[in-house]
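Survey of secondary and tertiary structure
Take a look at the letters that make up each chain.
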Amino acid sequence: MTEEFFNGFCKAQNQSRMVICEFEIASDGKRSFIESDCAYGACSHSAECLLMKQALEGADV
């Protein structure tokens with residue numbers, strides 16, 4: 001498992017935010033998203049969240 005930090009604008013909090021995301025790294029190098037320290041998924045802005053979009057690029061969600 002690895003933790004990565006991402007910066008961006010959070011619509012729910014109406015401010016810039018740093019989010020910590022946890023990813024599992026498979027033996028073939030693929031990253032699988034585990035969780036974040038924000039309400040991603042439960043948040044009403046999850047579908048259009050640009051902050052988490054950058055965090056999830058290249059990851060298997």
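The text that follows walks through the structure, step by step, so that each part is easy to find. (Residues numbered from 1 in each chain as written. Predicted model: local features only at pLDDT ≥ 70, side-chain atom pairs only at ≥ 80, totals over all residues. Heavy atoms only, no water.)

Examining the nonpolar core
A general trend in soluble globular proteins is that nonpolar side chains are found buried together. With 10 residues, the main nonpolar core is built from F6, V19, C21, F23, F33, L51, M52, A55, L56 and A59. Every element with two or more residues in this core is listed here: β2 (15-25) and α1 (50-56). With 4 residues, the single largest contributor to this core is α1. The contact partners of C21, leaving out residues within four places of it in the chain, are T2, E3, E4, F6, F33, E35, S36, M52 and A55. (Core = buried A, V, L, I, M, F, W, Y, C linked by side-chain atoms within 4.5 Å. Buried < 20%, exposed > 50% of the residue type's maximum accessible area, 1.4 Å probe, protein only. Helix = DSSP H or I, 4+ residues; strand = E, 2+ residues; numbered from the N terminus. Contact = heavy atoms within 4.5 Å.)

Description of the side chain of S46
Along the chain, S46 falls in the loop between β3 (31-36) and α1. In this structure S46 comes out as buried when scored by relative accessible area, which is 15%. A distance of 2.7 Å separates the side chain of S46 from the backbone nitrogen of G41, its partner in a polar contact. Setting aside its immediate chain neighbours within four residues, S46 contacts A39, Y40 and G41. (Polar contact = N/O pair within 3.5 Å; in protein donor to acceptor, adjacent residues only side chain to side chain.)

Focus on the state of the cysteines
One pass over the full model with this rule turns up 0 disulfides. As a non-bridged cysteine, C10 has C43 as the owner of its nearest cysteine sulfur, 6.0 Å distant. Sulfur of C21: no disulfide; nearest cysteine sulfur belongs to C38 and is 6.5 Å away. (Disulfide = S-S within 2.5 Å.)

Section: the pattern of salt bridges
If charged atoms from side chains of opposite charge come close, those side chains can pair. Counted by the stated rule, this structure contains 2 salt bridges. Measuring nitrogen to oxygen at the nearest pair gives 3.7 Å for the salt bridge that ties R31 to E4. Of the two residues, R31 sits in strand β3 while E4 sits in strand β1 (residues 2-10), which places them 27 residues apart along the sequence. What makes E4 partly exposed here is its relative accessible area of 22%. D37 serves as the salt-bridge partner of R17, at 3.5 Å between the closest nitrogen and oxygen. Pair noted here: R17 is in strand β2 and D37 is in the loop between β3 and α1, with a separation of 20 residues, a long-range link. (Salt bridge = Lys/Arg side-chain N within 4 Å of Asp/Glu carboxyl O.)

Focus: the environment of F9
By the element assignment, F9 lies in strand β1. Residues F9 and C49 lie 40 residues apart in sequence; the distance between their C-alpha atoms is 8.5 Å. With residues up to four places along the chain from it excluded, the contact list for F9 reads N14, Q15, S16 and L51.

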